[in-house]
Amino acid sequence: MDCTALLDKIRVQSRTLGFTGFGIAKAELDADQAHLQDWLAKGQHGQMDYMARHGDMRARPELLQPGTLSVISVRMDYGTDPEQAWATLAASDKAYVARYALGRDYHKLMRQRLKQLAQFIESEIGRFGYRVLVDSAPSLERALARNAGLGWIGKHTCLIDKDEGSWFFLGEIYTDLELPGTTLTPQGHCGTCTRCIDICPTGAIVAPNRLDARRCISYLTIEHQGSIPEEFRTAIGNRIFGCDDCQLVCPWNKFAKIHAEPDFAARNRLDEAGLLELFAWTEDEFLQRTEGSAIRRTGYINWLRNLAVALGNAEPTPEHLAALRDKCSHDHPVVREHAQWALQQLETKLRT
Ligand code: SF4
Ligand code: SF4
């Protein structure tokens, strides 16, 4: 079949499956590999040891999946109302959850849809070798998406599309098909803007395109195990799972679309829930309510830890004080320590 006609058909099918962007990536990632190695060497990945594993596989698709000649890269929107996000961030008694984690875990949905896309290609050309990836294996997905023409990597290190902003998930199909790569890599359009760097509550964007994960609230509330360094606790505010500030402030997101995917709709009212309500969940409730959600991966102890920090940044109401006092005798030392810290914060506020 004529390659252009095939690509047109795949593009149309990808749209039907809910993907809002599609491209073919060149797997030339030498500069990105050097950037990754430097980031790792400086320890800026924190406890994310998995980033350091797998050697060159991340930057060389053919090592991860032998025979890979082309990478199909797609994106799927998860944009929501930014006004609601800002309002929740401003309400210190409410919990802020990163917009990508409000609904069903995107990994499963994206993987299913990518498999459907691969099966569609098979129905057109017959069997071929492929592997579907959604954060499931070491890959430099943003660099691949950039090479596929889906956008540029902004100073905050997320991918941005000029017409659709940055609120989207990425996924890939590594394939042994020799498809024509996108010839034009989009130019960056950050220009002299530094809004994301300026707003970052913890100074985690230490230079353009350079994120020190150890300072990033997203890392601290999701990936980091154990005690959260005290120097970051006040800056965390009411963000209990992830952080979106650098994307919320990005001017290109005025072009972002609100998603229409029912699976991404907020569950358990997580877009407006109060800190006290979530802090009162038992472990069973946590496991039951976060089933099929990305939040599950942080675990119940970190969930309580994060909520304790957020309560320490809230108003010293009798209800907040009572809830924290209760958790000061929790079985787990991390929960106890964060509840004690938070209680001290509120008691200090009461005295001043
Ligand atoms: S996610 Fe939040 S803490 Fe992390 S870089 Fe962006 S603004 Fe900073
Ligand atoms: S906020 Fe400005 S500097 Fe940051 S990613 Fe967006 S355009 Fe680039």
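Here the structure is a predicted model, which means the values were calculated and not measured.

How each quantity is defined
Residues numbered from 1 in each chain as written. Chains lettered and ligands numbered in written order. Predicted model: local features only at pLDDT ≥ 70, side-chain atom pairs only at ≥ 80, totals over all residues. Heavy atoms only, no water. Helix = DSSP H or I, 4+ residues; strand = E, 2+ residues; numbered from the N terminus. Rg over C-alpha atoms; globule rule 2.2 N^0.38 Å. Buried < 20%, exposed > 50% of the residue type's maximum accessible area, 1.4 Å probe, protein only. Contact = heavy atoms within 4.5 Å. Areas by Shrake-Rupley, 256 points an atom, 1.4 Å probe, with all protein chains shown as cover. Lys, Arg positive; Asp, Glu negative; His and termini not counted. Charge placed at Lys NZ, Arg CZ, Asp CG, Glu CD. Pairing = 2+ DSSP bridges. Axes fitted to C-alpha atoms, helices over the stretch in contact; angles between N-to-C directions. Phe/Tyr/Trp six-rings, centres within 6.5 Å; stacked < 30°, edge-to-face > 60°.

**Q** What exactly am I supposed to notice about the overall build of the chain here?
**A** Along the backbone of the chain there are 15 helices and 10 strands. Expected size for 352 residues packed as a compact globule is a radius of gyration near 20 Å; at 21 Å, the chain falls within 12% of this value. The buried share of the chain, taken over its 352 residues, is 52%. Sequence separation of 24 or more characterises 75% of the internal contacts of the chain that already satisfy a separation of 6 or more. Accessible surface computed for the chain: about 15,600 Å², of which carbon and sulfur atoms make up 50%. The average position of the 41 basic charges and that of the 46 acidic charges among the side chains of the chain differ by 1 Å.

**Q** I tried to follow the sheet that holds strand 2 (residues 70–77) on my own but got confused; where do I start?
**A** The strands that make up a sheet are held in pairs by hydrogen bonds between backbone atoms, and each pair lies either parallel or antiparallel. The strand order across the open sheet built from four strands is 1-2-7-4, with neighbouring strands paired in antiparallel fashion. The strands lining the two open edges of the sheet, one partner per strand, are strand 1 (21–25) and strand 4 (130–133). In this sheet, neighbouring strand axes are inclined to one another by 20° on average, regardless of whether the strands run parallel or antiparallel. The sheet contact formed by strand 2 and strand 7 (residues 168–175) spans eight bridges and is antiparallel. Bridging from a neighbouring strand, Asp 77 pairs with Phe 168 of strand 7. Helix-sheet contacts for helix 5 (residues 106–125) involve strand 2, strand 4 and strand 7, and the interaxial angle to strand 7 is about 40°.

**Q** Can you help me understand the packing of aromatic side chains in this one?
**A** Any aromatic ring pair is given by two values, namely how distant the centres are and how the planes are angled relative to each other. By the definition in use, this model includes 12 aromatic pairs. For the ring pair Tyr 100 and Tyr 106, a centre distance of 6.2 Å and an interplane angle of 85° mean the geometry is edge-to-face. Tyr 106 gets classed as buried once you look at its relative accessible area, which sits at 9%. Look at Trp 152 and Trp 252: their rings are 5.5 Å apart centre to centre, the planes differ by 85°, and that puts the pair in the edge-to-face class. Remark: Trp 252 occurs in the loop between helix 10 (245–248) and helix 11 (275–279) and Trp 152 occurs in strand 5 (residues 152–153); sequence separation between them is 100 residues. For the pair Trp 152 and Trp 252, a shared accessibility class is recorded, and that class is buried.

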